[in-house]
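# Descriptive structure summary
Next come the chains, spelled out residue by residue.
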Amino acid sequence: MGTPRSQFFAALSVPSFVDETIAPQIFPAAQPHWLKDLESRGIVYRSSRDPEREHRINPVFRRVLQDKYLAPAPERFRELHERCARLEMANGSSFRA
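Residue positions within a chain follow its written sequence, with the count starting from 1. Totals for whole chains, interfaces and linings use every residue, but because this is a predicted model, local features are given only for residues with pLDDT of at least 70 and side-chain atom pairs only at 80 or more, for both listing and counting. Note that the side-chain values use all heavy atoms of the structure and ignore hydrogens as well as water.

Once that is clear, we can look at the layout of surface pockets. Taken as a whole, the largest pocket holds about 150 Å³ of empty space. Lining of the largest pocket is provided by Phe 8, Glu 20, Ala 23, Pro 24, Ala 30, Gln 31, Pro 32, Leu 35 and Lys 36. Every element with two or more residues in the lining of the largest pocket is listed here: helix H2 (23-26) and helix H3 (32-40). Looking at the lining of the largest pocket, the element that brings in the most residues is H3, giving 3 residues. Put simply, Ala, Val, Leu, Ile, Met, Phe, Trp, Tyr, Cys and Pro go in the nonpolar bin, Asp, Glu, Lys and Arg in the charged bin, and everything else, Gly too, in the polar bin. Residue composition of the lining of the largest pocket, grouped by class: 6 nonpolar, 1 polar and 2 charged. Detection works on a 1 Å grid of protein atoms alone, calling trapped sets that fit a 1.4 Å probe cavities and calling open sets with protein on both sides within 12 Å along at least five of seven lines pockets, with lining residues defined by an atom within 4 Å of a point. Grid points are joined across faces, edges and corners, and a volume is the space filled by probe spheres set on the points. Numbering goes from the N terminus for both helices and strands, where a helix is a DSSP run of H or I of at least four residues and a strand is a run of E of at least two.

This is how it looks when you write it as structure tokens:
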């Protein structure tokens, strides 16, 4: 499925918004600097709802990642959606699947 970074990036494409503290729960092997690196490249940006904590992935890249990395593995895609839904229920509005 690709390198750990590409797997992290693909996992990040599932939620609409992600709190930076929740990213490791979506992809446990995530390195703290990966999200900041994606932000510096303009692929991930801070949301206007909570710019201190929330990020959003560029919608075009989001679709490409889902199609390339997650669509060929529907069980992984489904598992990520379920994990995101559980996190949303547990964490309220700071996370939306």
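Let us look at the sheet that holds strand E3 (residues 54-57). Sheet strands line up and pair through hydrogen bonds in the backbone, either parallel or antiparallel. The strand order across the open sheet built from 3 strands is E1-E3-E2, with neighbouring strands paired in antiparallel fashion. With partners counted over all chains shown, the strands left at the sheet margins are strand E1 (18-19) and strand E2 (44-46), one partner each. When DSSP finds two or more bridges between two strands, those strands count as paired. Sheet topology places E1 next to E3; 2 bridges connect them, and they run antiparallel. Residue pairing in the sheet places Asp 19 in a bridge with Glu 54 of E3. Contacting E2 and E3, H3 crosses the sheet at an angle of about 90 degrees to E2. Note on definitions: a residue-residue contact is assigned when non-hydrogen atoms from the two residues lie within 4.5 Å. Axis definition: a line fitted to C-alpha atoms, over the contacting stretch in the case of helices. Angles run 0 to 180 degrees between N-to-C directions.

Before going further, it helps to spend a moment on the nonpolar core. Here, nonpolar core means buried Ala, Val, Leu, Ile, Met, Phe, Trp, Tyr and Cys residues that are tied together by side-chain atoms lying within 4.5 Å of each other. Summary of the burial criterion: residues with accessible area below 20% of their type's maximum are buried, those above 50% are exposed, and those between are partly exposed, where the area comes from a 1.4 Å probe applied to protein chains only. Within the largest apolar cluster, 25 residues are counted, with the highest numbers of intra-cluster contacts made by Phe 8, Phe 9, Leu 12, Ile 26, Leu 38 and Val 44. Mapped by element, the contributors of at least two residues to this core are helix H1 (4-12), H2, H3, helix H4 (59-70) and helix H5 (74-91). The element that contributes the greatest number of residues to this core is H1, accounting for 5 residues.

Where H1 contacts H3, the two axes come as close as 11 Å, and the packing angle between them is 70 degrees. With respect to their mutual orientation, H1 and H3 come out roughly perpendicular. Each of Pro 4, Arg 5, Phe 8, Phe 9 and Leu 12 in H1 lies in contact with H3, whose residues at this interface are Trp 34, Leu 35, Asp 37 and Leu 38. An angle below 35 degrees is read as roughly parallel, one above 145 as roughly antiparallel, one from 65 to 115 as roughly perpendicular, and any other as oblique.

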